[in-house]
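Residues per chain are reported as follows:
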Amino acid sequence: MAKILVVEDEQSIQTLLTYNLNEAGHDVVNAMDGKEGLELAQTEQPDLILLDWMLPQMDGMEVCKQLRLQKNLVPIIMLTAKDAEFDKVLGLELGADDYMTKPFSPREVLARVKALLRRAQHSETTDFANGEKRYQFGDLLIYPERFEVTKGGERLEFTPKEFELLVHLVENKNRVLTRDQLLSSVWNYDFAGDTRIVDVHVSHVREKIEENSRKPLYIKTIRGLGYKFEEPKKG
């Protein structure tokens, strides 16, 4: 059972989400405005947040932004009636892991919640035993069991989805992965999804591991296909 914070000011939607999440075995905490949602995110320490875009007091974008600035990496799914590309990409740029456009079905909400929780809960486990899995590329070190990445000895901060995306690319080194393949493998979607989620998360990962994200050495874009992780050539 996970604790899920639902920040939604439309009572009917909040009631629907709460009912279905409770039926799935989750503990639900509710907030009716952004300010309350931010406070509860800090005090209740939820495992996942369903966060509406348009909220009184403080909008969902600002709540998401503030949490990420505080290094709070709780998985966030944005809920919005807006369907413009700019709105979706902006939410992801600010650190949301996923988004859903209203109206949505309870089944799809539960599927996406389950997918995000599965990765987030796995990322909290640690295994420091000898022989633990580790990937090294120059001064870039990746520890899948620790949910840890360091570069030049400095630890890098990743959201669960950013980390899972990086590990999946590394484990398929030199193999071209399409956006649909990444959406299926990393986000666990068994239904059609928006591949821009992949593009934005790749951009986030590049900003953290590349010396110059505009000229990436590790994560290469294969035009018309997808992405490929390569080990930089020495010299």
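Residues numbered from 1 in each chain as written. Predicted model: local features only at pLDDT ≥ 70, side-chain atom pairs only at ≥ 80, totals over all residues. Heavy atoms only, no water.

Per an unreviewed UniProt entry, the protein carries the name Response regulator transcription factor and comes from Chryseomicrobium palamuruense.

1. Focus on the packing of aromatic side chains
Where two aromatic rings form a pair, the distance of their centres and the angle of their planes describe that pair. What the rule picks out here adds up to three aromatic pairs. On the basis of an interplanar angle of 25° and a centroid distance of 5.7 Å, the ring pair of Y218 and F229 is categorised as stacked. Of this pair, Y218 sits in the loop between α8 (196–209) and β11 (219–222) while F229 sits in strand β12 (residues 226–229), and the two are eleven residues apart along the sequence. The same class applies to Y218 as to F229, namely buried. Counting every residue linked through ring pairs, the aromatic cluster contains F137, Y218 and F229. The aromatic ring of Y143 is capped on one face by R146, whose charged end is 4.2 Å from the ring centroid. Positioned over the ring face of F158 is K208, at 5.0 Å from the centre of the ring. (Phe/Tyr/Trp six-rings, centres within 6.5 Å; stacked < 30°, edge-to-face > 60°. Helix = DSSP H or I, 4+ residues; strand = E, 2+ residues; numbered from the N terminus. Buried < 20%, exposed > 50% of the residue type's maximum accessible area, 1.4 Å probe, protein only. Lys NZ or Arg CZ within 6 Å of the ring centre and 35° of its normal.)

2. Points about the sheet that holds strand β2 (residues 27–31)
Across the sheet, which stays open at both edges, the five strands sit in the order β2-β1-β3-β4-β5 with parallel pairing between neighbours. Looking along the sheet, the strands with just one partner apiece sit at the ends: β2 and β5 (98–101). For this sheet, the mean inter-axis angle between neighbouring strands, taken without regard to orientation, is 20°. Summarising the sheet, strand β1 (residues 3–7) and β2 pair through five bridges and their orientation is parallel. Opposite V7, over in β2, you have A31 as the bridge partner. Sitting on the sheet, helix α2 (residues 34–43) touches β1, β2 and β3 (48–52), and the angle it makes with β2 is about 145°. (Pairing = 2+ DSSP bridges. Axes fitted to C-alpha atoms, helices over the stretch in contact; angles between N-to-C directions. Contact = heavy atoms within 4.5 Å.)

3. Some details on the confidence of the model for the protein
Averaged over every residue, the pLDDT of the protein is 87; residues scoring 70 or more account for 89%. Segment residues 123–130: pLDDT under 50, and eight contacts once partners within four positions in sequence are set aside and those in other chains are kept. (pLDDT = per-residue confidence, 0-100.)

4. Remarks on the packing of helix α6 (residues 160–171) against α8
Where α6 meets α8, the closest approach of the two axes is 10 Å, and the angle between their N-to-C directions is 80°. By the angle between their axes, α6 is roughly perpendicular relative to α8. Contacts from K161, E162, L165 and L166 in α6 reach H201, V202, H204, V205, K208 and I209 in α8. Tallied by class, residues from the contact of α6 with α8 come to five nonpolar, two polar and three charged. (Parallel < 35°, antiparallel > 145°, perpendicular 65-115°, else oblique. Nonpolar A, V, L, I, M, F, W, Y, C, P; charged D, E, K, R; others polar.)

5. Considerations on the sheet that holds β11
Pairing is antiparallel in the open sheet, where three strands are placed in the order β10-β12-β11. If you trace the sheet from one side to the other, it starts and ends with β10 (177–178) and β11, each paired once. Relative to β12, β11 runs antiparallel, the two sharing four bridges. Paired with I219 across the two strands is F229, which belongs to β12. Set on the sheet, α6 makes contact with β10, β11 and β12; between it and β12 the angle comes to about 70°.

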